[in-house]
Every structure is written in C-alpha cells, then in structure tokens.
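# Understanding the architecture of this molecule
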Amino acid sequence: MTALIEFVEILRAAGEITRLRLLALLSESELSVKDLTEILDQSQPRVSRHLRLLTESGLVTRHAEGAWAFFRLSDEPGASILVEHLLEQLDRTDTVLQADVGRLDAVRRDHRARAATYFSKVAKDWDRVRSLHAPESAVEQAILDMMDGQRAELFIDLGTGTGRMLELLDGHFKKGVGIDSSREMISVARSKFENTGQQHVFVRLGDIGQLEEYRASADFVMLHQVLHHFDDPGQALQNARYTLKPGGKIAVVDFMPHELEFLREEQAHRRLGLSHAQMVAWAGAANLRVSSHKEIPHNKPGGGLTVCIWHLTDQS
Ligand SMILES: C[S@@+](CC[C@H](N)C(=O)[O-])C[C@H]1O[C@@H](n2cnc3c(N)ncnc32)[C@H](O)[C@@H]1O
C-alpha cells in the first residue's frame, strides 16, 4: 500500500506524454538513454530529466554501466502492477506510440548489426573449441537433465558471454541475470534478449571479482566455460558462492585436464582444464559440497576436450 501523497507523486510521474511514451517503450525492453533519445527525438537532457522523475517515483529502475545508463520497468510488485495497468489502458495503435515502436525496431536492428559484426570475429575461435569436445547438444542436454525440474527465483549466469545459458535454462528461473566483464559480449547478449522482449532476463557488465550487489541473492548460479579463464578458479568460485542464498546451488561446466596448449595463446585460457580433485578442494574451501558430477567425453582420436558438469550445494 502506498501513502496518499506518495501515490499522487507516482501518478504525476506517469501522467505526462513523454513519460508515458517512455513507460510504453520500456515495457518492450531495457534501453539506454542514448537509445531513448534517438527514439523520442528529443534532447538528451530532456529525456534524462523525464527518466529521473520516473526513477524517483519508483516506476523505473536505473542501472549505470560506465558512461552509459540503462533503464527498465521496476520489478517491485506494487510499481509493476500499476504500470501494467496504466499501459493496458493505452491504445497502442495511437500514431505517436506506433512511430515510437517503429524507431525502436530501427534501434534494435542497429544493435543486432553491431553485435553480429563483433561476434563474427570471435565465432571462428569458438567453433574451433566446440569441434574439440562432444556435441554442444549433448552437453546442453546433460545440463538440462541436471536441472531435474528445479526452478530458481533468481538465476545468475556468471561470465554469460552471449547469454546462451540464460536461453537454455529459460523456464527454470523466474528472473535471470547474466554478468560478463566484456562490453562486447554483453552487447551481443543484450541485443539477443531485447529482440525477444524477455523482461525477466537481463544482462549486466560486471566482474566476478566484484559481485557485492548480488550478495546472498541467488538460488542458482552457473559458471559455464568460465573458470578456466582464471589463474585462481578457487577464488572465483568463492566469489560466486557469495551470491548464493543459504542452501543455493552452483553448476560449473568446464573442461577436464587436457594438453591443448594453444588454447592459452588463442583463447586466453589460464588453466588447461580443471580436475575433479581440484573442484572438491575449491568447493570445500568455499563452503560448498560437490553433490554430483558428470563427464561428457570427447570422441576425437587425436585428443580433444572432455567436458564435466559439477553440481555444488551451499553448506551454510
Ligand atoms: C568462454 S566464454 C563462455 C561464455 C558463456 N558462459 C558460454 O558458455 O557461452 C567466457 C566468458 O567469461 C567472461 N569472463 C572472463 N573473465 C571474467 C570476469 N572476471 N568477470 C566476468 N566475466 C568474465 C568472458 O568475457 C567470456 O564472455
């Protein structure tokens, strides 16, 4: 319940043409000030002022990423029910709103084109690694089998890359957040989810070493092909564990020890695979227990990569 004066302030925030247009656009996807300025064709200070009022009223949340700021509709139940109700009353065939959607589509096409250009550069290298292990479909099926019908309130995919795990496990979480330290990867993932209009999935630029804002928030965390990039995978696992609620779970999907030295040079691998004994030790140090693990062997006669899925449970 909201107090009378506060409620009037919220209605005032929504009760203006540009701000209603902003709410309608943000109901489509998370957008940056730059995108919104382009779509509304208004000056950035003006758009920022409207966004500030919407943020202060609690209808919208702001997320800063370096010099950029992204906005999305609030997840807070009171605010989201109110915005949903207001937007239901809007005639979406209104010419102003239709023109906004047209320009939003153009902005999304531009994001897609940029993401595709970047990804085409790295895709070749990824395909080479993929060709060295069991088919992706077998690995993904094993990950789905491991879920065993579980559904998380909050799922965090650390080192999300292009957001593949968020796509694969959609249906197994209420809210999903992908975090990655690469701005380019985040752009690829963001463009993917903004095009599907999935509001319960979003991505954030962030570092596994700095996860304070997610402390004790997640039921389930994924580290898919990420730990081999760390000099100290145990420390990274420890950091991932801080984001878990008591009793939460972590899935680590990574390579078993191998001798493919070129992966260090070409793909920034720091560790040539992770052994089961190492995983048990790192898990123990992070107050996690290895509850199960499954190996998916390669079938490459000249040497390939065996993938292992470790399922870890918080012991606190
Ligand atoms: C091999 S990719 C795997 C991406 C994704 N998990 C998948 O399997 O498709 C590793 C990802 O980890 C990210 N990464 C590496 N170090 C990181 C760090 N310290 N914090 C966050 N992300 C990191 C990289 O940017 C990259 O996107």
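Since this is a predicted model, take the numbers as computed values, not measurements.

## Let's talk about the packing of aromatic side chains
Per the stated rule, a full pass over the model turns up 3 aromatic pairs. On the basis of an interplanar angle of 40° and a centroid distance of 6.1 Å, the ring pair of Trp68 and Phe70 is categorised as tilted. Ring pairs connect the aromatic residues Phe155, Phe173 and Phe220, which therefore count as one cluster. Taking NZ or CZ as reference, Arg190 lies 3.6 Å from the ring centre of Phe70, over its face. Over the aromatic face of Tyr242 sits the side chain of Arg215, whose NZ or CZ is 4.9 Å from the ring centroid.

## Let's talk about helix H7 (residues 136–147)
For H7, which comprises 12 residues, the first-to-last C-alpha distance of 17 Å matches the rise-based estimate of 16 Å (1.5 Å per residue) to within 8%. Here H7 has its buried residues at Val139, Glu140, Ala142, Ile143, Met146 and Met147. The buried residues of H7 all sit within an arc of 155° when viewed along its axis, so they share a single face. Turned more than 90 degrees away from the buried face of H7, the exposed residues are Ser137 and Asp145.

## Some remarks on the packing of helix H2 (residues 17–26) against helix H4 (residues 44–56)
With their axes 10 Å apart at the nearest point, H2 and H4 run at an angle of 70° to one another. Taken together, the axes of H2 and H4 lie roughly perpendicular to each other. Within the contact between the two elements, H2 uses Thr18, Arg19, Leu22 and Leu23 and H4 uses His50, Leu51, Leu53 and Leu54. Across the contact of H2 with H4, the residue classes tally to 5 nonpolar, 2 polar and 1 charged.

## A look at the pairing of strand E2 (residues 60–65)
Remember that side chains alternate between the two faces of the sheet whenever the strand is regular. Pairing analysis gives 6 bridges linking E2 to strand E3 (residues 68–73), with the strands arranged antiparallel. Pairing of Val60 across the sheet is with Leu73, part of E3. Count of turn residues in the E2/E3 antiparallel hairpin: 2 residues, of which Gly66 carries a positive phi of about 60°.

## Considerations on the sheet that holds strand E1 (residues 31–32)
Taken together, 3 strands build an open sheet; the order of strands is E1-E3-E2 and the sheet is antiparallel. Strands at the two margins of the open sheet, each flanked by one partner only, are E1 and E2.

## Regarding the domain arrangement of the chain
It is common to give the size of an interface as the accessible area that goes away when the parts come together. Taken domain by domain, the chain comprises domain 1 (4–105) and domain 2 (132–314). Of note, the centres of domain 1 and domain 2, computed from C-alpha atoms alone, are 33 Å apart. Taken together, the contact between domain 1 and domain 2 spans 11 residues of the former and 11 residues of the latter. Summing both partners gives a buried area of about 1000 Å² for domain 1 against domain 2, and 36% of it is carried by carbon and sulfur. In this assembly, domain 1 and domain 2 are joined by 3 salt bridges.

## A few points about the site of the ligand
Around the ligand, a shell composed of 15 residues is seen, among which Gly159, Asp180, Ser181, Ile208 and His224 lie nearest. Contact distances for the ligand include 3.0 Å between a nitrogen atom and a backbone N or O atom of Ile208. Contact between the ligand and His224: an oxygen atom at 2.4 Å from a side-chain N or O atom of the residue. Considering the ligand on its own, with 600 Å² of exposed area, one finds that the protein chains cover 84% of that surface. Here the shell around the ligand is built from residues that sort into 4 nonpolar, 9 polar and 2 charged.

## Re the side chain of Asn239
Residue position: Asn239 is located in helix H10 (residues 233–242). Beyond its immediate sequence surroundings of up to four residues, Asn239 is in contact with Ile208, Gly209 and Leu211.

## Some thoughts on the sheet that holds strand E9 (residues 288–296)
Spatial strand order, E6-E5-E4-E7-E8-E10-E9: 7 strands in an open sheet with mixed pairing. A single partner strand is all that each edge strand has here, and the edge strands are strand E6 (201–205) and E9. Each strand of the sheet is rotated relative to its neighbour by a mean of 20°, with strand direction disregarded. The strands touched by helix H9 (residues 183–196) are strand E5 (173–180) and E6; relative to E6, the strand with the most contacts, the crossing angle is about 165°.

## Brief notes about the pattern of salt bridges
Throughout the structure, instances matching the rule amount to 20 salt bridges. Ionic pairing is found between Asp75 and Lys175, a salt bridge with its closest N-O pair at 2.9 Å. Of the two residues, Asp75 is situated in the loop between E3 and helix H5 (77–88) and Lys175 in strand E5; the sequence distance between them amounts to 100 residues. Take Asp75: its relative accessible area is 41%, and that puts it in the partly exposed class. Judged by its relative accessible area of 28%, Lys175 is partly exposed.

Conventions adopted
Residues numbered from 1 in each chain as written. Predicted model: local features only at pLDDT ≥ 70, side-chain atom pairs only at ≥ 80, totals over all residues. Heavy atoms only, no water. Phe/Tyr/Trp six-rings, centres within 6.5 Å; stacked < 30°, edge-to-face > 60°. Lys NZ or Arg CZ within 6 Å of the ring centre and 35° of its normal. Helix = DSSP H or I, 4+ residues; strand = E, 2+ residues; numbered from the N terminus. Expected span 1.5 Å × (residues − 1). Buried < 20%, exposed > 50% of the residue type's maximum accessible area, 1.4 Å probe, protein only. Arc of directions from axis to C-beta. Axes fitted to C-alpha atoms, helices over the stretch in contact; angles between N-to-C directions. Parallel < 35°, antiparallel > 145°, perpendicular 65-115°, else oblique. Contact = heavy atoms within 4.5 Å. Nonpolar A, V, L, I, M, F, W, Y, C, P; charged D, E, K, R; others polar. Pairing = 2+ DSSP bridges. Domains from an automatic or database assignment. Buried area = accessible area lost by both parts, 1.4 Å probe. Salt bridge = Lys/Arg side-chain N within 4 Å of Asp/Glu carboxyl O. Near = heavy atom within 4 Å. Polar contact = N/O pair within 3.5 Å; in protein donor to acceptor, adjacent residues only side chain to side chain. Areas by Shrake-Rupley, 256 points an atom, 1.4 Å probe, with all protein chains shown as cover.

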